[in-house]
There are 2 protein chains.
Amino acid sequence: MTYCVAMRLETGMLFASDSRTNAGVDHVSTFRKMQTFEREGERQLVLLSAGNLATTQSVVSLLRQRAKAEPDGHNLYTVASMYDAACLVGETLREIGQRDGPALSQSNIDFGCSFLLGGQIAGEHQRLFNLYPQGNFIEATIDTPYFQIGEAKYGKPIIDRVISYQTALPEAAKCALISFDSTMKSNLSVGLPIDMLLYRADSLGAGLKRRVEEDDAYFQQIRRGWGECLRAAFASLPTADWGWDQG
Amino acid sequence: MTYCVAMRLETGMLFASDSRTNAGVDHVSTFRKMQTFEREGERQLVLLSAGNLATTQSVVSLLRQRAKAEPDGHNLYTVASMYDAACLVGETLREIGQRDGPALSQSNIDFGCSFLLGGQIAGEHQRLFNLYPQGNFIEATIDTPYFQIGEAKYGKPIIDRVISYQTALPEAAKCALISFDSTMKSNLSVGLPIDMLLYRADSLGAGLKRRVEEDDAYFQQIRRGWGECLRAAFASLPTADWGWDQG
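Residues numbered from 1 in each chain as written. Chains lettered and ligands numbered in written order. Predicted model: local features only at pLDDT ≥ 70, side-chain atom pairs only at ≥ 80, totals over all residues.

Asks: Can you break down the overall build of chain A residue by residue, with the values?
Replies: Along the backbone of chain A there are five helices and twelve strands. For 247 residues, the compact-globule formula gives about 18 Å, and the C-alpha radius of gyration of chain A, at 20 Å, lands near that figure. Judged by the C-alpha coordinates and their principal axes, chain A covers about 75 × 45 × 35 Å. Long-range contacts, defined as pairs at least 24 residues apart, comprise 64% of the intrachain contacts of chain A with a sequence gap of at least 6. (Helix = DSSP H or I, 4+ residues; strand = E, 2+ residues; numbered from the N terminus. Rg over C-alpha atoms; globule rule 2.2 N^0.38 Å. Contact = placed C-beta atoms within 7 Å.)

What follows is the structure in structure tokens.
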């Protein structure tokens with residue numbers, strides 16, 4: 001499985017993805033699920049993927065291969081808007097589905113996958129899309145500034161409590177790491193390292209990239225600190241006066 | 001959807017279930033998902049259900065109807081062990097599946113459901129089982145003292161951090177309410193009231209039953225307190241020194 005989260009906030013965007021893939025429990029590997037399509041000063045696009053690895057890798061390979069073969073053609077380095085970029089990823093996803101779907105369906109293999117695509121292209125503000133396995137998509141708004149794909153539920157409560165459109169980027173990064181920590185504690189299919197990218201609004205630059213490994217000092221501090229805070233918070237709340245001895 | 005949790009701890013057992021059911025978003029109702037089969041001084045069995053409501057209600061109706069028709073027959077009031085009780089629930093579930101399954105499958109309706117069955121019968125220690133939609137089941141142990149069914153993921157992290165076999169029952173109740181609060185904050189398909197039952201080990205009594213409604217003073221205290229604690233804990237942790245201005 002996988003866990004990815006992306007946030008479009010007032011001052012910038014945050015992207016984070018784990019890197020564990022598994023086919024059953026005995027075929028566990030590390031694959032980067034974050035791809036960037038950058039042109040310094042002009043665009044920064046970030047693509048996060050969850051789901052069937054063969055499908056998501058094929059989508060990325062085709063997007064890159066075609067952009068290389070025809071640099072001036074219709075590709076993620078030339079599309080005029082983030083909306084057009086989302087359409088192109090969706091079309092490519094459908095193409096792979098048509099090509100590989102029948103054979104995989106015959107073996108009852110789920111070939112579906114999801115993408116988060118966010119970033120900024122010169123002339124537009126920053127935008128964030130959540131692409132469904134069918135290739136259609138929704139866009140983040142000020143009311144709903146974040147999307148998750150993959151194993152999203154364990155790490156959702158902390159985001160729901162903390163994140164708003166006005167949250168500063170360093171706070172968002174802290175929240176994302178706590179969200180990943182909660183997910184990894186409850187689900188073995190999500191694992192380190194975590195790839196993070198922080199993009200400052202209107203910078204049109206590469207952003208700050210960080211791969212968070214097991215020995216990352218800040219992540220260790222957050223993990224330990226959050227666990228201790230939670231236990232202290234739990235202990236500080238009263239127990240109910242419900243007459244426990246009646247049982 | 002539904003969220004139920006049950007814990008088998010050293011000093012007793014905790015059962016909690018929400019009461020929201022929905023067929024789509026426009027058919028939302030309140031149904032109790034906790035059933036008890038009690039014989040004071042001799043047995044206390046608690047059954048929690050999640051999944052297709054027609055299926056779970058049929059299972060409970062058949063179990064009750066047959067016990068009433070033949071009080072001395074093989075039923076939840078007469079079985080000699082919790083293991084036999086779990087077998088009987090599983091068999092009844094399979095019977096409904098065979099009766100209703102074909103018609104529902106034709107309409108692509110998911111008729112599956114899950115049960116948590118726990119309690120104690122005189123002569124045995126307290127036991128807890130998690131029954132799968134196929135009618136087979138697993139039993140809780142000292143290492144894994146709790147089970148969840150339904151919308152389990154949102155509320156799992158707090159249980160994983162706090163609960164062990166040695167946790168006292170009032171602390172377990174506090175944890176369960178926090179787990180429900182986190183779930184209800186992130187998922188509309190789980191809703192109040194919450195039915196709770198606390199059973200003291202070896203009491204063979206009815207236990208302490210409580211229906212937690214919106215205006216329950218203790219639940220309000222826990223909700224508000226937990227939200228405040230989480231935000232304070234989050235604020236107390238440092239942000240990373242990753243060079244945020246490079247973006």
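Asks: Talk me through the packing of helix α5 (residues 217-236) of chain A against helix α5 (residues 217-236) of chain B; I want residue IDs and the actual numbers.
Replies: Contact pair α5(A) / α5(B): the axes reach a minimum separation of 10 Å and the direction vectors enclose 150°. Between α5(A) and α5(B), the angle is such that the two are roughly antiparallel. Regarding α5(A) and α5(B), the two cross each other, and that crossing is right-handed. In this structure, α5(A) uses A:Trp226, A:Cys229, A:Leu230, A:Ala233 and A:Ser236 to contact α5(B), whose residues at the interface are B:Trp226, B:Cys229, B:Leu230, B:Ala233 and B:Ser236. Considering only residue class, the contact of α5(A) with α5(B) consists of eight nonpolar, two polar and no charged. (Axes fitted to C-alpha atoms, helices over the stretch in contact; angles between N-to-C directions. Parallel < 35°, antiparallel > 145°, perpendicular 65-115°, else oblique. Left-handed = near helix turned anticlockwise from the far one by under 90°. Nonpolar A, V, L, I, M, F, W, Y, C, P; charged D, E, K, R; others polar.)

Asks: Tell me about the relation of the copies chain B and chain A, and please be specific about residues and values.
Replies: At an RMSD of 0.0 Å, chain B and chain A line up after a rotation of 180° and a shift of 0.0 Å along the axis. Those values place the two copies in the arrangement expected of a two-fold rotation axis. In terms of proximity to the rotation axis, the leading residue of chain B is B:Tyr154, whose C-alpha is 2.4 Å off the axis. With an isologous cut-off of 70% or more, the 100% of interface residues of chain B that recur at the interface of chain A puts this contact in the isologous class. (Least-squares fit on C-alpha atoms with pLDDT ≥ 70 in both.)

Asks: Pulling in residues and values, what's your account of the interface of chain B and chain A?
Replies: Facing 45 residues of chain B, the contacting portion of chain A comprises 45 residues. Residue assignment for the side of chain B that touches chain A shows that the elements contributing at least two residues are α3 (156-162), α4 (169-186), β11 (194-200), β12 (208-212) and α5 of chain B. With twelve residues, the top contributor of residues to the side of chain B that touches chain A is α5(B). When grouped by side-chain class, the residues that make up the side of chain B that touches chain A number 21 nonpolar, 14 polar and ten charged.

Asks: For unusual backbone geometry, give the residues involved together with the corresponding values.
Replies: Backbone torsion omega between A:Leu192 and A:Pro193 reads -5°, so that peptide bond is classified as cis. Counting through the fold element by element, A:Pro193 comes out in the loop between α4 (169-186) and β11 (194-200). Residue A:Asn108 is not a glycine yet carries a positive backbone phi of 55°. Within the fold, A:Asn108 resides in the loop between α2 (82-106) and β7 (113-121). Notably, B:Asp202 is not glycine yet its phi reads approximately 70°, a positive angle. As for its placement among the helices and strands, B:Asp202 is situated in the loop between β11 and β12. According to the C-beta neighbour criterion, B:Asp202 is exposed, with 12 such atoms within 10 Å. (Buried ≥ 20, exposed ≤ 12 C-beta atoms within 10 Å, placed from the backbone.)

Asks: Any chance you could break down the sheet that holds strand β9 (residues 137-139) of chain B for me, citing the residues and the numbers?
Replies: All names here are of chain B. Taken in spatial order, the five strands line up as β5-β6-β7-β8-β9 in an open sheet, and their pairing is antiparallel. Each edge of the open sheet carries a strand with a single partner, namely β5 (34-39) and β9. Sheet twist, expressed as the mean angle between neighbouring strand axes with direction ignored, is 15°. Pairing analysis gives nine bridges linking strand β6 (residues 43-51) to strand β7 (residues 113-121), with the strands arranged antiparallel. Note on β7: the bridge partner recorded for Arg-43 is Ile-121. Most of the contacts of helix α1 (residues 53-69) go to β6, to which it runs at about 160°, and overall it touches β5, β6 and β7. (Pairing = 2+ DSSP bridges.)

Asks: Could you give me a rundown of the environment of A:Thr141, with the residues and numbers involved?
Replies: Residue and element names in this part refer to chain A. Inspection of the secondary structure assignment puts Thr-141 in the loop between β9 (137-139) and β10 (146-150). Thr-141 sits in the exposed class, given 10 other C-beta atoms within 10 Å. For the pair Thr-141 and Leu-128, spaced 13 residues apart in the sequence, the C-alpha separation amounts to 8.4 Å.

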